[in-house]
Amino acid sequence: MKVLVIGGGGREHAVCLALSRSPRVDALLCAPGNGGIARVARCFPQVKASDVDAIVRLARDERVDFVVVTPDDPLALGCVDRLEAEGIPAFGPTQQAAQMESSKIFSKRLMQKYGIPTARCEVFTDCGAALAYLDGQQAPIVVKADGLALGKGVVVAQTLDEARDAVRAMMLDGRFGASGARVLIEECMTGREVTVLCFCDGHTIRPMPASQDHKRAYDGDLGPNTGGMGAIAPSPLYTPEIAARVEREILRPTLAAMNAEGIAFKGVLYVGLMLTPEGPKVVEYNARFGDPETQALLPLLDSDLMAIFQAVRDGQLAQADIRWRDESAACVVLASGGYPGKYASGKEIAGLDAAEALGATVYHAGTREQDGRYYTAGGRVLGVTAVAPTLRRALQDAYAAAERISFNGMMMRRDIGARDV
Ligand code: AMP
Ligand code: GLY
């Protein structure tokens, strides 16, 4: 088969690498791709992941047999609907199903209606009403913009003044564009966070091993929120007891709720959980693989990813062969100095071969290749993943490999997984 993957981050590199090992895949294309993906797929840097017209045109011109739509933007824009309407099979939820991520109000109402455990929450379309509501609340409290906002539409406010500023920034200053026209004000939950990615074909939901992201920029979970600075899998916090409870109280009810609403969700459902003192609760759903969770998870997959994607798309997930290695994986992200704020690009990267010679896999997130050399081209630049029999060993190996890599201003967290070994 000729397969096209949409996206150009570390997550897409991990997906492309897994697909390149599938006996079903003869030719692999990626749009836009990046410097590292170019080693396993033919890249189309001029085709942006958010340009659905260009994606459909590329899929048609190249006569691809299957498209994997990974990032949130094209899913929310209906990329899968458009491809399927053209007769091109595609992996990923439809625009309607992608609302699980693209509208926090949509997913919150679903959880409320079907009794799925989550933070208590009120929705506001009027800034005055939101501010008046805050007068009767206590901090800490959480303010969220409704729509996609590059992960920046959530403010965990430590004071009511901070919450008021967030409401004004979203609703009056339009800092998040249309995303902020409606806001949610939520109870602040406490507890550790775990990610459960699930394959879902509309009838069957099959969770992957749980993973843990590290969202804050600096060690000790300090600093601003980022796209994710590292991940481990499987999560040691996710005991068999918790897994059984999540399956019973959250995963099955979520599938039933979507079905009751007439939403056939096909793709990866990202369930972000908080393990609160009252039990596991949903922080958010996303309609796709997580980044960098995927860079820790897919190296543990012992089955053919392409066969799984086809089974999901065809509604045959119950029969799919999905086996995971009984090992642990750790992914350490190397970022540009200044990320998630302003950062420089175009810095030459050294030590990639030395890192891989140690047995690690180096996923490219923001890189550019020129004449055989690699240069930084984004905030998150690389993700270094190691797999080992224990989490402790996987972390040691990932850090040993990461130490071999350098570029001007390189930044990494030194404590990925450290709380859990
Ligand atoms: P989200 O974009 O919904 O994933 O939110 C980003 C981060 O904000 C989450 O990973 C949590 O760390 C935090 N967060 C979101 N909602 C809540 C909440 N209700 N209580 C506490 N923390 C939250
Ligand atoms: N790792 C967080 C996300 O993919 O949304």
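Refer to the structure above for everything that follows.
The shown structure was predicted, so the numbers you read here are calculated from the model rather than taken from an experiment.

Draft legend 1. Representation of the side chain of S303. Within the element layout of this structure, S303 appears in the loop between α10 (293–297) and α11 (305–314). Within polar-contact distance, the side chain of S303 engages the backbone nitrogen of R323 at 2.7 Å. Setting aside residues up to four positions removed in sequence, S303 forms contacts with I308, D321, I322 and R323.

Draft legend 2. Looking closely at the site of ligand 2. Close to ligand 2 lie D213, G227, Y270, N286, R288, G290, D291, P292 and E293, which account for all nearby residues. Side-chain polar atom of D213 to a nitrogen atom of ligand 2: 2.8 Å apart, as the coordinates give it. Between ligand 2 and E293 there is a distance of 2.7 Å, counted from a nitrogen atom to a side-chain nitrogen or oxygen. Considering only residue class, the shell around ligand 2 consists of two nonpolar, three polar and four charged.

Draft legend 3. Here's a closer look at the site of ligand 1. Residues in close proximity to ligand 1 total 15 residues, the closest being E186, E187, M189, E193 and E284. Between ligand 1 and M189 there is a distance of 2.8 Å, counted from a nitrogen atom to a backbone nitrogen or oxygen. In this structure, E193 approaches ligand 1 through a side-chain N or O atom, which is 2.4 Å from an oxygen atom. Burial of ligand 1 by the protein chains amounts to 90% of its free accessible area of 470 Å². Of all the secondary structure elements, the ones that give two or more residues to the shell around ligand 1 are β7 (141–145), β8 (154–157), β9 (183–187) and β17 (279–286). In terms of residue class, the shell around ligand 1 is made up of eight nonpolar, no polar and seven charged.

Draft legend 4. The pairing of strand β16 (residues 266–276), seen in detail. Where burial is concerned, most of β16 is hidden: 10 out of the 11 residues are buried. Where strand β10 (residues 192–201) meets β16, 10 bridges bridge the pair, whose relative direction is antiparallel. When the sheet's bridge partners are listed, E193 is paired in β16 with M274. Examined bridge by bridge, β16 and β17 share seven bridges and lie antiparallel to one another. Within β17, the residue paired with L273 across the bridge is V282. The hairpin formed by β16 and β17 contains two residues between the paired strands.

Draft legend 5. The environment of V271, seen in detail. With respect to the helices, strands and loops of the structure, V271 is situated in strand β16. Classification of V271 as buried rests on a relative accessible area of 1%. Apart from residues no more than four positions distant in its own chain, V271 is found in contact with V194, T195, V196, C198, I250, L251, V282, E284 and Y285.

Draft legend 6. Representation of helix α9 (residues 240–260). Here α9 contains 21 residues, and its C-alpha end-to-end distance of 28 Å stays within 8% of the 30 Å for a straight helix at 1.5 Å per residue. If you look at α9, its biggest bend is around 45°, right at E247. Of the positions making up α9, those classed as buried are V246, I250, L251, T254, L255, A257 and M258. Those residues of α9 hidden inside the fold are in contact with α5 (99–102), α6 (104–113), β10, β11 (205–207), β16 and β17.

Cut-off values and rules
Numbers given for residues are sequential positions, taken from 1 along each chain in its written order. Just so you know, chain letters begin at A and ligand numbers begin at 1, following the order they were written in. Whole-chain, interface and lining totals are the exception, using all residues; otherwise, since this is a predicted model, local features are given only for residues with pLDDT of at least 70 and side-chain atom pairs are given and counted only at 80 or more. To obtain the side-chain values, all non-hydrogen atoms of the structure were used and water was disregarded. Strands here mean DSSP runs of E at least two residues long; helices mean DSSP runs of H or I at least four residues long; both are numbered from the N terminus. Pairing of N or O atoms within 3.5 Å defines a polar contact, subject to two protein rules: one partner must be a possible hydrogen donor and the other a possible acceptor, and residues neighboring in sequence count only if both atoms are side-chain atoms. Here, residues are in contact when the closest pair of their heavy atoms is within 4.5 Å. We call a residue near a molecule or strand when any one of its heavy atoms sits within 4 Å of it. The classification used treats Ala, Val, Leu, Ile, Met, Phe, Trp, Tyr, Cys and Pro as nonpolar, Asp, Glu, Lys and Arg as charged, and all other residues, Gly among them, as polar. Methods summary: accessible areas were calculated by the Shrake-Rupley approach with a probe of 1.4 Å, and residue burial reflects only the protein chains presented. Throughout this description, buried means an accessible area under 20% of the type-specific maximum (1.4 Å probe, protein chains only), exposed means over 50%, and partly exposed covers the range between. Any two strands with at least two DSSP bridges between them are considered paired. Under the convention used throughout, the expected extent of a helix is 1.5 Å for every residue step, that is, one less than its residue count. Bend at a residue means the angle formed by two fitted axes: the first through the 7 residues ending at that position, the second through the 7 residues beginning there.

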